[in-house]
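# Observations on the model geometry
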Amino acid sequence: MSKRALITGVTGQDGSYLAEHLISLGYQVWGLTRGQANPRKDRVSRLIPDLRFVDGDLMDQGSLVSAVNAVQPDEVYNLGAISFVPMSWQQPELVTEVNGTGVLRVLEAIRMVSGLNKPAARAGAAGQIRFYQASSSEMFGKVTQSPQTETTSFHPRSPYGVVKTYGHYITRNYRESYGMYGVSGILFNHESPRRGAEFVTRKISLAVAQIKLGLQTKLSLGNLDAERDWGFAGDYVRAMHLMLQQEEPGDYVVGTGRMHTVRDVARVAFECVGLNWEDYVVIDPGLVRPAEVETLCADSGNARKALGWEPAVDFGGLIRMMVESDLEQARLVREYGSALSGVRW
């Protein structure tokens, strides 16, 4: 009998790649979506025909209980979140409700459906629903050591990072309080052609495509010196799945272990189309974060050893993938008109 998985945030970058991966492994997969019309739901359902949907909202406890009860999943992946860090300064209360209290609501839904009112004999007991929480490298913030491991202390530098830290610790607390099989993946920055246009890597790849075709003249960026450990989202969802296949639950750092600056992203992206980035990039001080996270780099040795996980796409390959995808999309829109503009993520 095939396993059943429930994914929150299924219409996002990570959710769509994870759904594809799990279905390829023979899973029956449900994505949690809110009841109202959602254009992203239409896109992901066309992309992944075997994906099923169930109604639910991370801000509504009752709907989550109903969704977990209806699906009866073996595994729950909580990827639903407001993931654009700058928005957490603009709407901190909303981000806290979704990214923080939303984690608690999913855990409570699992606990109630599973009947976990007191500690189980051990986490991972037969028949337990296994839970994955999408933690973030933003929890490290102002880092005390580099690279960062599972034991590096947290010093988040944004409301987003603070709330993700809550989600990380409440997952650990339910593991320790109720014996729930709950793990957190501390994922470093991961990108793809499905990344939202508001994120800096996708902003750059989209602009490069537009500039190459003569549809745009300049690209405005903020802090070019900010360094990140960037990997491919399709690689990282494999690690999520592997975490829930272990006999004992644990938390894992996932990243490439290689740092690059925003300047590097711009340089490589423009090189992909034969242009010099310095001719097109302008600095906009308004795009600099109130409190910047300068350096994030993963030590994913534990994940590589315990899970057998390795990234398959390197930094250069990732940026080329994104630029080529956006260039193809821009050419189609230019040739056939704006009717195709809704195809992109």
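Overview of the structure.

Each helix and strand in the chain was counted, giving 11 helices and 13 strands. Looking at the chain as a whole, 54% of its 345 residues are labelled buried. Sequence-distant contacts in the chain: of pairs separated by 6 or more residues, those separated by 24 or more amount to 77%. Carbon and sulfur atoms make up 49% of the accessible area of the chain, which amounts to about 14700 Å² in all. If the 36 positive side-chain charges of the chain are averaged to one point and the 38 negative ones to another, these points end up 2 Å apart.

How two aromatic rings sit relative to each other is set out by the distance from centre to centre and by the angle between their planes. On inspection of all chains with the given rule, the structure shows nine aromatic pairs. Measuring from centroid to centroid gives 5.5 Å for Phe270 and Tyr280, while their planes differ by 5°, and the two rings are stacked. With Phe270 in helix α9 (residues 262-272) and Tyr280 in the loop between α9 and β13 (281-283), the pair connects residues that are 10 residues apart, well separated along the chain. Taken together through their ring pairs, the aromatic side chains of Phe140, Phe154, Tyr169 and Phe188 make up a single cluster. Over the ring of Tyr181 we find Arg130, and its NZ or CZ is 3.9 Å from the ring centre. Seen from the ring of Phe199, Arg195 lies directly overhead, with NZ or CZ sitting 3.7 Å from the centre.

Right, let's talk about helix α1 (residues 13-24) for a bit. Here α1 contains 12 residues, and its C-alpha end-to-end distance of 17 Å stays within 8% of the 16 Å for a straight helix at 1.5 Å per residue. For α1, the set of buried residues is Gln13, Asp14, Gly15, Ser16, Tyr17, Leu18, Ala19, His21, Leu22 and Ile23. A positive phi of about 95° marks Gly26, the residue just after α1.

Attention shifts here to the nonpolar core. The tendency in soluble globular proteins is for nonpolar side chains to be buried as a group. One finds Ile7, Tyr77, Tyr132, Ile204 and Met243 to be the most contacted residues of the largest nonpolar core, which totals 61 residues. Top element by residues in this core is helix α11 (residues 315-336). It accounts for seven residues. Setting aside chain neighbours within four positions, we find Ile204 in contact with Leu219, Leu221, Val262, Val265, Ala266 and Ala269.

When two helices pack together, their arrangement is given by the angle between their axes and by how far apart the axes lie. As a packed pair, helix α5 (residues 92-114) and helix α6 (residues 159-178) sit with axes 9 Å apart at the nearest point and diverge in direction by 15°. In terms of axis orientation, α5 runs roughly parallel to α6. Judged by the sense of rotation from one axis to the other, the crossing of α5 with α6 is right-handed. Side by side, α5 and α6 meet where Pro92, Val95, Thr96, Asn99, Gly100, Thr101, Val103, Leu104, Leu107, Glu108 and Arg111 of the first sit next to Pro159, Tyr160, Val163, Tyr166, Gly167, Ile170, Thr171, Tyr174 and Tyr178 of the second. Its residues placed into classes, the contact of α5 with α6 shows 12 nonpolar, six polar and two charged.

Conventions we followed
Residues numbered from 1 in each chain as written. Predicted model: local features only at pLDDT ≥ 70, side-chain atom pairs only at ≥ 80, totals over all residues. Heavy atoms only, no water. Helix = DSSP H or I, 4+ residues; strand = E, 2+ residues; numbered from the N terminus. Buried < 20%, exposed > 50% of the residue type's maximum accessible area, 1.4 Å probe, protein only. Contact = heavy atoms within 4.5 Å. Areas by Shrake-Rupley, 256 points an atom, 1.4 Å probe, with all protein chains shown as cover. Lys, Arg positive; Asp, Glu negative; His and termini not counted. Charge placed at Lys NZ, Arg CZ, Asp CG, Glu CD. Phe/Tyr/Trp six-rings, centres within 6.5 Å; stacked < 30°, edge-to-face > 60°. Lys NZ or Arg CZ within 6 Å of the ring centre and 35° of its normal. Expected span 1.5 Å × (residues − 1). Core = buried A, V, L, I, M, F, W, Y, C linked by side-chain atoms within 4.5 Å. Axes fitted to C-alpha atoms, helices over the stretch in contact; angles between N-to-C directions. Parallel < 35°, antiparallel > 145°, perpendicular 65-115°, else oblique. Left-handed = near helix turned anticlockwise from the far one by under 90°. Nonpolar A, V, L, I, M, F, W, Y, C, P; charged D, E, K, R; others polar.

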